[in-house]
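Single-letter residue listing:
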Amino acid sequence: MTLHDPSGFSINPLLFVPAAAFPQVTALPERHTLPGAELLVFRFANGYGAAVTHQMSRPDDSAFEFCVLDCTLPEPQPCFTTPVAASFRSGLSHTDVHALLMLAERLPLHGRCAQANAALASEEF
């Protein structure tokens, strides 16, 4: 469905779906709209990331799902080996997810990133 404002511009109503904001997280997410939900994919400088799903039909205190991602691969994959989340978490509040995102962003450098940095440090340019 497309709306038209008086100036003649077309307006896509999906652009006005409220996005979950996480102001203390420095990485900006990739935003994906799903039927009845919003998926935010974060990629952090430490080689990790997070997938956050916001279920629009659920109450705010349990509307979120969270998973740590390994972003050192060509396509981010779920990662269950960190102390942040050893499994896929659901039924979370915005506050819960915000805290998990901040922890994931502050994880030590992923092992593959550390190895790549060490290999580059030994290279002569």
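Residues numbered from 1 in each chain as written. Predicted model: local features only at pLDDT ≥ 70, side-chain atom pairs only at ≥ 80, totals over all residues. Heavy atoms only, no water.

**Q** Which residues make up the nonpolar core, and what values do they have?
**A** Phe-22, Phe-42, Val-52, Phe-66 and Leu-101 are the most contacted members of the largest nonpolar core, which totals 22 residues. Elements with a contribution of two residues or more to this core: strand E4 (37-43), strand E5 (48-55), strand E6 (64-70) and helix H1 (94-105). If you tally residues by element for this core, the top one is H1, at four residues. The contact partners of Phe-22, leaving out residues within four places of it in the chain, are Leu-40, Phe-42, Val-52, Phe-64, His-94, Val-97, His-98 and Leu-101. Grouped together as the second largest cluster of nonpolar side chains are five residues, Leu-39, Val-41, Ala-51 and Leu-69 included. (Core = buried A, V, L, I, M, F, W, Y, C linked by side-chain atoms within 4.5 Å. Buried < 20%, exposed > 50% of the residue type's maximum accessible area, 1.4 Å probe, protein only. Helix = DSSP H or I, 4+ residues; strand = E, 2+ residues; numbered from the N terminus. Contact = heavy atoms within 4.5 Å.)

**Q** Quick rundown of the pattern of salt bridges? Include the residues and the values.
**A** Under the defined criterion, the tally for this structure stands at three salt bridges. Where Arg-31 meets Glu-38, a salt bridge forms, and the shortest distance between an N and an O atom there is 2.5 Å. Owing to a relative accessible area of 37%, Arg-31 belongs among the partly exposed residues under this scheme. Among the salt bridges present, the one from Asp-70 reaches Arg-112, with a minimum N-O distance of 2.8 Å. One end of the pair, Asp-70, is in strand E6; the other, Arg-112, is in helix H2 (residues 111-121), and 42 residues separate them in sequence. (Salt bridge = Lys/Arg side-chain N within 4 Å of Asp/Glu carboxyl O.)

**Q** Mind laying out the side chain of Glu-38, listing which residues take part and the relevant values?
**A** Within the secondary structure layout, Glu-38 lies in strand E4. On the basis of relative accessibility, which here comes to 2%, the residue Glu-38 falls in the buried class. At 2.5 Å, the side chain of Glu-38 and the side chain of Arg-31 are in polar contact. (Polar contact = N/O pair within 3.5 Å; in protein donor to acceptor, adjacent residues only side chain to side chain.)

**Q** Describe the packing of aromatic side chains, with residues and values.
**A** Counted according to the given criterion, the structure contains three aromatic pairs. Seen in terms of ring centroids, Phe-22 and Phe-42 are 6.1 Å apart; in terms of plane orientation they differ by 75°. Their pairing is edge-to-face. With a gap of 20 residues between them, Phe-22 in the loop between strand E2 (10-11) and strand E3 (30-34) and Phe-42 in strand E4 connect regions that are remote in the sequence. Taking the relative accessible area as the measure of exposure, Phe-22 reaches 8% and is therefore buried. (Phe/Tyr/Trp six-rings, centres within 6.5 Å; stacked < 30°, edge-to-face > 60°.)

**Q** Tell me about the pairing of E5, residues and numbers included.
**A** The buried fraction of E5 amounts to seven of the eight residues, a majority that puts the element mostly inside the structure. The turn linking E4 back onto E5 is made up of four residues, and Gly-47 within it adopts a positive phi angle of 95°. Looking at chain direction, E5 and E6 are connected through seven bridges and run antiparallel. Within E6, the position partnered with Ala-51 by the bridge is Cys-67. (Pairing = 2+ DSSP bridges.)

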